[in-house]
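# Residue-level structure breakdown
Below, each chain spelled out in residue letters.
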Amino acid sequence: MRPEHLQLSDGEDGLPATVLQVDQTGSQTHVVADVLGSPVTVVLEGMVILDPDEKVKLSAKADDIYLFTAGDGKAVGPRPAPRLREKTQ
């Protein structure tokens, strides 16, 4: 899963996380959060106000989740078709 595919969840659903660090880059907000004892980077569009130690929930669309075997790192399931980003003007 890529950092830009994670998003903040509204309500009860989502993976519990604790914000460790927040960096505003202007057009994006980069967040490092603790998820189950491991640091996870999240890239959010726009300026999102979060504080260190804040509890949040993270989610991703099913199409953005890719699984790999622990032993040899091979992909599990069919390879997804590449997605092209739309041009912005």
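This text follows the structure it describes.
Keep in mind that what you see is a predicted model, and the values were worked out from it rather than measured.

### Examining the overall build of the protein chain
A count of helices and strands for the protein chain gives zero helices and seven strands. Taken from the N to the C terminus, the helices and strands of the protein chain come in the order β-β-β-β-β-β-β. Sequence-distant contacts, at least 24 apart, represent 48% of the contacts inside the protein chain between residues at least 6 apart. Accessible surface, the protein chain: about 7000 Å² in total, of which carbon and sulfur atoms supply 53%.

### Description of the nonpolar core
Residues L6, A17, V19, V31, A33, V35, V42, L44, V48, L50, V56 and L58 constitute the largest nonpolar core, which totals 12 residues. Elements represented by at least two residues in this core include exactly β2 (15–24), β3 (28–35), β4 (38–45) and β5 (55–59). For this core, the element with the highest residue contribution is β3, accounting for three residues. With near-sequence residues (within four places) excluded, V42 lies in contact with P3, L6, T29, H30, V31 and L58.

The rules behind each value
- Every chain begins its residue count from 1, and numbering advances along the sequence as written.
- Note on the predicted model: pLDDT of at least 70 is required for a residue's local features to be given, and 80 or more for side-chain atom pairs to be given and counted; whole-chain, interface and lining totals, by contrast, use all residues.
- Hydrogens and waters are ignored; side-chain quantities use all the structure's heavy atoms.
- Runs of H or I in DSSP of at least four residues are treated as helices and runs of E of at least two as strands, each being numbered from the N terminus.
- Here, residues are in contact when the closest pair of their heavy atoms is within 4.5 Å.
- In these tables, accessible area is a Shrake-Rupley quantity obtained with a 1.4 Å probe, and a residue counts as shielded only by the protein chains included in the view.
- Among buried residues, the Ala, Val, Leu, Ile, Met, Phe, Trp, Tyr and Cys ones that are joined through side-chain atoms within 4.5 Å form a nonpolar core.
- Relative accessibility decides the category of a residue: with a 1.4 Å probe and only protein chains considered, values under 20% of the type maximum give buried, values over 50% give exposed, and everything between is partly exposed.

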